[in-house]
Amino acid sequence: MIGSAVRKLGDGISGGGRFSIDSDRITRWTLSAFGLVLLIAFWEAVTTVLSLNPKYFPGPMGVVTELIRIWPAIVAALPNTLSAALVGYLLALTLSIVIAIPLVASDRLLNALMPFIIGTNTVPRIAMTPLVIYWVSFYSVSMLYLANYVMAVWVAFFPMLIAAIDGFRSIDEDTENMLEVYGATTWQEFKYVRFKNGLPFIFDGMKIGFVLAMIGAVVGEFVSGTFGIGSQAASAIGRTSIARAFAIVLVLGLISTGVVLIVYLIESKMIFWRESSIMGAE
Amino acid sequence: MSALSERRLALAKRWIKRQFPTLVTGILFIVLWEGIARVIGNNRIVADIGYTVSSLQARADTIVVRVSETFSSVVVAFILAVALGVLLGVIIAEIYTLRQMTMPLIIFAYAVPHPVLAPMFIIWFLVGGSFTLFTFTGPSAYIFPAMTAADAQIAIGINGVSTFGAWVGFFPVFISTITGMNELEERYQHLGTVLGASRWQMVKYFRFWRALPNIASSIKSTVQLSIVGVIVAEFIASSSGIGYQIILAWKTGDLGYMFGVVLVIMLVSYTFFQLAVWTVKYVTPPGSVT
Amino acid sequence: MNNKIEQQSRTDDTESVDYTISFDSVDKVYGADTVAEESVVALEDIDLDVERGEFVSVVGPSGCGKTTLLHMAAGILDATDGSVQINGVDVQSPQHERKEVGLVFQHPVALEWRTVRKNIMLPVQILTENGAIDKDMSYYEDRADELLSLVGLEGFGDSYPNELSGGMQQRVTISQSLIYNPSVLLMDEPFGSLDAMTKDELNLELLRIWRETEKTILFITHDLDEAVFLSDRVVVLSPRPGEVADVIDIDLDRPRDEDTRGTTRFVELSAELHKHFKSLQ
Ligand SMILES: Nc1ncnc2c1ncn2[C@@H]1O[C@H](COP(=O)(O)OP(=O)(O)OP(=O)(O)O)[C@@H](O)[C@H]1O
Ligand SMILES: [Mg+2]
């Protein structure tokens, strides 16, 4: 639902993306840039004018200074976090598609498993983090970082699975009838209609999926303390260094935004037959 | 009369038929769990059902207190998320310049892995002071005779946990408000122009109502995410609520309790979700929530 | 039991008289297999035989079950009772030949990620893969070009459906059902969404295709004049539950053209049909 949505966020009131002229785009970018500058200036002004305690309420300058100071540490920690998030993400994505196919092909299987899938998607899966860490540490303490991978998959998988199922299933009745008239096999249904039809949904799932995989990995590190951005955030919090926590938020947010944008760009290249949106569905 | 009762019977039959898969899934889950636990035969790797239940029973009072605490926060978070989401959504949808100016920030805020922000919310409210709306005696006082009213007290308030829950749950409502408002068919726009409707009248009579179904259907995600937000805040940043109990169980290596708490969280979340969705379904025009 | 034997002997008749499409005491009840109070009787006791090469139209008020009737002939829907056969073969049996039947839907069905030409070629791909047809691809590619010009879409072969108007998309759907040259064409208000001029044009085109290729056509429409203009017979269905209320023979000369609509006979027949239709309500 949010999937089909947010494209409007970036559009002008006239809407027609195809006809928008360059000057319109320039205006939009300028406004966005101006908005950012305004926000930062306002933030800095508030912290200075009210002379807030920088320990709790750092200004943007304080955050940037702190970011530069801890940059080497962040660079050292990033590969761990990113590989857990990325590997978990790709694994969850692959699994979601591979599992969605038989579910959509067989109504009976879908009916049997859907309550479980929806139920699992409804509950806060992230609450399993300590349990997963417990199990992994039981298996091997030196490989505790595996828990972060598991959490990335566990948190990202279900929304992507539901997106894939929805996408493969959402063909209209007439198209379904048409396939039936030609006597298309299940495989032909997928090959000619369902895969393509599901793509926009899968891409929407991929956007929220990456954010979720990051959440899984970061919380895993946060709780288990294995070396990574998550555990650095935990230690920043432990010392009540809000500036450092902000710096970490900034880095993580930029990475996630970057990946979401890349997925969006690939999507708008691949799905030429409809408009894509930046924010996917959850 | 008999036609009516026959109809009732038919409806009941269908309801049972529809709930059947859920029931089977539930039973299968329990059988599978117990089966695996028996095969492994070690309550430190997989706690069996008996062990889990007895661990839970041993601390039933704590669990009830903590669960009430958590879900009071969830209610506050949910209401805050919906109210702010709709309000800000309407403003951002109405004012094009503002929408463009805040675009990067919105995308960034949406994409940032939110748990990292949870401790900041907690700290800010510790420093700035949180705000208690009212308190009441929680259900635990009535369930456990031994418990004093003071121990069972629950505070409904705006604090780090509930605001963080609101932050996480905010986006679906916010975004669908904007989308819905912008999807008003052009003919109504023209109608408004012909009637000379002011901008506020356009919002009041057309755009808001156009967005309502979108908002209603985003409520599902908001309920889920408010729960996620509150529990994440509890278990990585505060020492309150049922969320923190998992961490406690983990630190003491008490697997039975850990299983129990996770199970309770899942079950109560699921029930709360169904209740919330049912309520929203009940108060919105038919067909808005599917 | 008796009924069944009767049906059986009727079926045998059917084969000898060379009916192409035949409905034999067909009932259709929606929701018959679920809880009773929600079932809808859409069609009741339909007996309808269409001869080889015949053009039969079905008219009836909205919701009387016209689409249902057509979908049963296409094998999409199962009859609740009775049998539906095409070329003497039950449409639900595995012997039923898909390539013999083309279906044009009420609304355009075009896959938005395929170009117009590729959309037209879709049935060929599927049927070839399944061994239902075995001509060369190049044969069908040429045919696709012919069809494109036939329906007035020259130059749009490489466009995407999104770039076409609704009427143009509908013409793509029509071409799609013609590409593999089925002998039976089932059409569900195919020109309902077109403007009057294009509609008249395509009516003539359809008659020409029908004459040249000797197809059997079952045509659904809510436009009574269109039904008279095109058909050998017009079947009038009653409101729900749909039953055959009337069958009117259209004895206008063939070939028909623009002038046919001006003849007295056409006007008489049209008036008669309108009258029948009115008496239903
Ligand atoms: N899938 C379905 N489930 C239940 N009832 C249905 C279903 N499809 C159609 N019906 C009912 O069966 C009746 C016949 O429907 P059908 O679509 O065949 O009508 P139609 O004559 O084609 O109407 P129109 O002229 O509007 O296209 C209608 O009353 C409709 O409500
Ligand atoms: Mg119809």
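Bear in mind that the values here come from a model prediction, so they are computed numbers and not experimental data. (Residues numbered from 1 in each chain as written. Chains lettered and ligands numbered in written order. Predicted model: local features only at pLDDT ≥ 70, side-chain atom pairs only at ≥ 80, totals over all residues. Heavy atoms only, no water.)

Moving on, we come to the overall build of chain B. Assigned secondary structure in chain B consists of eleven helices and two strands. Ordering the α and β elements of chain B from the N terminus gives α-α-α-α-α-β-α-β-α-α-α-α-α. The proportion of buried residues among the 290 residues of chain B is 50%. Counting every atom, chain B has about 14300 Å² of accessible surface; 69% of that belongs to carbon and sulfur. One way to put it: in chain B the 19 positive side-chain charges average out to a point 9 Å from where the 12 negative ones average out. (Helix = DSSP H or I, 4+ residues; strand = E, 2+ residues; numbered from the N terminus. Buried < 20%, exposed > 50% of the residue type's maximum accessible area, 1.4 Å probe, protein only. Areas by Shrake-Rupley, 256 points an atom, 1.4 Å probe, with all protein chains shown as cover. Lys, Arg positive; Asp, Glu negative; His and termini not counted. Charge placed at Lys NZ, Arg CZ, Asp CG, Glu CD.)

Turning next to helix 8 (residues 186-195) of chain B. Burial runs low along helix 8 of chain B: only one of the ten residues are buried. Two residues or fewer after helix 8 of chain B comes Gly 196 of chain B, characterised by a positive phi angle close to 70°.

As a further point, take the interface of chain A and chain C. By convention, interface size is frequently given as the accessible area that disappears when the constituent parts associate. The partner chain C presents 25 residues to the 20 residues of chain A that form the contact. Taken together, the links from chain A to chain C amount to two salt bridges. At the junction of chain A with chain C, the criterion picks out nine residue pairs in polar contact (both at pLDDT 80 or more). Looking at the side of chain A that touches chain C, the elements that each hand over two or more residues are helix 7 (173-181) and helix 8 (186-224) of chain A. In terms of residues, the side of chain A that touches chain C owes the most to one element, helix 7 of chain A, which gives seven residues. Tallied by class, residues from the side of chain A that touches chain C come to nine nonpolar, six polar and five charged. (Contact = heavy atoms within 4.5 Å. Salt bridge = Lys/Arg side-chain N within 4 Å of Asp/Glu carboxyl O. Polar contact = N/O pair within 3.5 Å; in protein donor to acceptor, adjacent residues only side chain to side chain. Nonpolar A, V, L, I, M, F, W, Y, C, P; charged D, E, K, R; others polar.)

On the side of chain A, 70 residues touch chain B, which itself brings 60 residues to the contact. Between chain B and chain A, the buried area comes to about 5900 Å², and carbon and sulfur atoms account for 81% of it. Linking chain B with chain A are zero salt bridges. In this structure, the connection of chain B to chain A is made through five residue pairs in polar contact (both at pLDDT 80 or more). Of all elements in the fold, only helix 1 (2-40), helix 4 (96-111), helix 5 (118-128), helix 7 (160-182), helix 9 (199-236), helix 10 (241-251) and helix 11 (255-283) of chain B reach the threshold of two or more residues within the side of chain B that touches chain A. Along the lines of polarity and charge, the residues of the side of chain B that touches chain A split into 44 nonpolar, 13 polar and three charged. (Buried area = accessible area lost by both parts, 1.4 Å probe.)

The next subject is the sheet that holds strand 3 (residues 55-59) of chain C. Residues and elements named next belong to chain C. If you walk across this open sheet you meet the six strands as 6-7-8-3-9-10, and the pairing is mixed. If you trace the sheet from one side to the other, it starts and ends with strand 6 (101-104) and strand 10 (244-249), each paired once. Taken pair by pair, the neighbouring strands of this sheet meet at an average axis angle of 15°, ignoring direction. Strands strand 6 and strand 7 (184-188) of the sheet are contacted by helix 5 (residues 166-178), whose axis makes an angle of about 175° with strand 6. (Pairing = 2+ DSSP bridges. Axes fitted to C-alpha atoms, helices over the stretch in contact; angles between N-to-C directions.)

Turning next to the pairing of strand 4 (residues 81-86) of chain C. In this structure, strand 1 (residues 19-30) of chain C lies alongside strand 4 of chain C, joined through five bridges in antiparallel fashion. Looking at strand 4 of chain C, one finds that Ser 22 of chain C is bridged to Gln 85 of chain C.

Moving on, we come to the UniProt feature "transmembrane region" (unreviewed entry) in chain A. Residue and element names in this part refer to chain A. Under the UniProt annotation, the feature "transmembrane region" (unreviewed entry) is placed at residues 29-50, 70-101, 113-137, 143-165, 208-230 and 242-266. End-to-end, the C-alpha atoms of residues 70-101 are 46 Å apart, and along that stretch the chain is 100% helix and 0% strand. A helix fraction of 76% and a strand fraction of 0% characterise residues 113-137, whose end C-alpha atoms lie 31 Å from each other. (UniProt positions renumbered as here; feature names shortened; annotations may be inferred.)

The subject of this paragraph is the sheet that holds strand 5 (residues 89-90) of chain C. All names here are of chain C. Taking strand neighbours across the sheet as the criterion, the four strands line up as 2-1-4-5 in an open arrangement whose pairing is antiparallel. Strand pairing shows two members of the sheet lacking a second neighbour, strand 2 (40-51) and strand 5, which therefore form its edges. Here strand 1 runs beside strand 2; their pairing, made up of eight bridges, is antiparallel. Bridge assignment links Lys 28 to a residue of strand 2, and that residue is Leu 43. Those strands touched by helix 2 (residues 66-73) are strand 1, strand 2 and strand 4, and its axis lies near 125° from that of strand 1.

Relative to the helices and strands, Ile 236 of chain B resides in helix 9. Note on Ile 236 of chain B: relative accessible area 11%, which makes it buried. Taking the C-alpha atoms as reference, Ile 236 of chain B lies 18 Å from Ile 63 of chain B; in sequence the two are 173 residues apart. Beyond its immediate chain neighbours, meaning those up to four positions away, Ile 236 of chain B contacts Val 219, Phe 222 and Val 223 of chain A together with Pro 115 and Ala 118 of chain B.

A few words now on the coordination of the magnesium ion (ligand 2). Residue and element names in this part refer to chain C. Only Thr 67 (OG1) and Gln 106 (OE1) from the protein reach the magnesium ion (ligand 2) as donors, at distances of 1.9 to 2.7 Å. Placement of Thr 67 in helix 2 and of Gln 106 in the loop between strand 6 and helix 3 (116-129) is noted, with a sequence separation of 39 residues between them. Exposure remark for Thr 67: the relative accessible area of 26% places this residue in the partly exposed category. Owing to a relative accessible area of 29%, Gln 106 belongs among the partly exposed residues under this scheme. (Donors = N, O, S within 2.8 Å, 3.2 Å for Na, K, Ca; no water.)

According to the stated counting rule, one finds 35 aromatic pairs over all chains in the structure shown. When the ring of Phe 246 of chain A is compared with that of Trp 124 of chain B, the centres are 6.1 Å apart and the planes differ by 45°; the resulting orientation is tilted. Here Phe 246 of chain A, found in helix 10 (residues 242-270), pairs with Trp 124 of chain B, found in helix 5, and the two come from separate chains. When its relative accessible area of 19% is taken as the criterion, Phe 246 of chain A is described as buried. Ring centres of Phe 71 of chain B and Phe 272 of chain B lie 5.3 Å apart, and the angle between their planes is 45°; on these two criteria the pair is classed as tilted. You can see Phe 71 of chain B sitting in helix 3 (residues 60-94) and its partner Phe 272 of chain B sitting in helix 11, a full 201 residues away along the chain. (Phe/Tyr/Trp six-rings, centres within 6.5 Å; stacked < 30°, edge-to-face > 60°.)

We now examine a negative patch on the surface. Residues and elements named next belong to chain A. A cluster of acidic side chains, namely Asp 107, Asp 172, Glu 173, Glu 176 and Glu 180, defines a negative patch on the protein surface. Relative to the assigned elements, Glu 173 resides in helix 7. Overall, Glu 173 belongs to the exposed group, its relative accessible area being 60%. (Patch = residues over 30% accessible without salt bridge, like charges linked within 9 Å, V, L, I, M, F, W, Y side chains within 5 Å.)

Quick look at the environment of Phe 170 of chain B now. Residue and element names in this part refer to chain B. Along the chain, the position of Phe 170 falls in helix 7. Judged by relative accessible area, which is 11%, Phe 170 ranks as buried. Distance from Phe 170 to Ser 226, taken between C-alpha atoms, is 8.1 Å for residues 56 residues apart in sequence. Those residues in contact with Phe 170, other than ones at most four positions away along the chain, are Ala 81, Leu 84, Gly 85 and Leu 88.

In this section: the UniProt feature "domain: ABC transmembrane type-1" (unreviewed entry) in chain B. Mapped onto this numbering, the UniProt entry annotates "domain: ABC transmembrane type-1" (unreviewed entry) at residues 67-276 of chain B. The span residues 67-276 of chain B shows a helical share of 78% and a strand share of 6%, and its end C-alpha atoms are spaced 16 Å apart.

Here we come to the site of ligand 1. Residues and elements named next belong to chain C. Around ligand 1 sit Tyr 30, Ala 42, Ser 62, Gly 63, Cys 64, Gly 65, Lys 66, Thr 67, Thr 68, Gln 106, Glu 189 and Arg 240, and that is every residue in its neighbourhood. Between an oxygen atom of ligand 1 and a main-chain N or O atom of Cys 64, the distance comes to 3.3 Å. In the model, an oxygen atom of ligand 1 is placed 2.7 Å from a nitrogen or oxygen of the Lys 66 side chain. Out of a free accessible area of 640 Å², ligand 1 has 64% covered by protein chains. Ranked by residues supplied to the shell around ligand 1, first place goes to helix 2 with three residues. (Near = heavy atom within 4 Å.)

Averaged over every residue, the pLDDT of chain B is 86; residues scoring 70 or more account for 97%. As scored by the predictor, the complex reaches a pTM of 0.86 and an ipTM of 0.87. (pLDDT = per-residue confidence, 0-100.)

The element helix 2 of chain C is largely enclosed, with a buried count of seven among its eight residues. Of the residues trailing helix 2 of chain C, Gly 75 of chain C is marked for its positive phi of about 80°.

We now examine the UniProt feature "transmembrane region" (unreviewed entry) in chain B. Residues and elements named next belong to chain B. This chain's UniProt record puts "transmembrane region" (unreviewed entry) on residues 20-40, 71-93, 105-134, 154-175, 227-250 and 256-278. Across residues 20-40 one finds 100% helix and 0% strand; the C-alpha atoms that close the span lie 30 Å apart. Helix makes up 73% of residues 154-175 and strand 23%, and the two end C-alpha atoms of the span are 32 Å apart.

The subject of this paragraph is the pattern of salt bridges. Taken as a whole and assessed by the stated rule, the structure comprises 26 salt bridges over all chains. A salt bridge links Glu 66 of chain A to Arg 244 of chain A, with the shortest nitrogen-to-oxygen separation between them at 3.0 Å. Of the two residues, Glu 66 of chain A sits in helix 3 (residues 60-105) while Arg 244 of chain A sits in helix 10, which places them 178 residues apart along the sequence. Per residue, the accessibility class of Glu 66 of chain A equals that of Arg 244 of chain A, and both read buried. Across the pair Arg 59 of chain B and Asp 254 of chain B runs a salt bridge, and its minimum N-O distance is 2.7 Å. Taken together, the residues Arg 59 of chain B in the loop between helix 2 (49-58) and helix 3 and Asp 254 of chain B in the loop between helix 10 and helix 11 connect sequence positions 195 residues apart.

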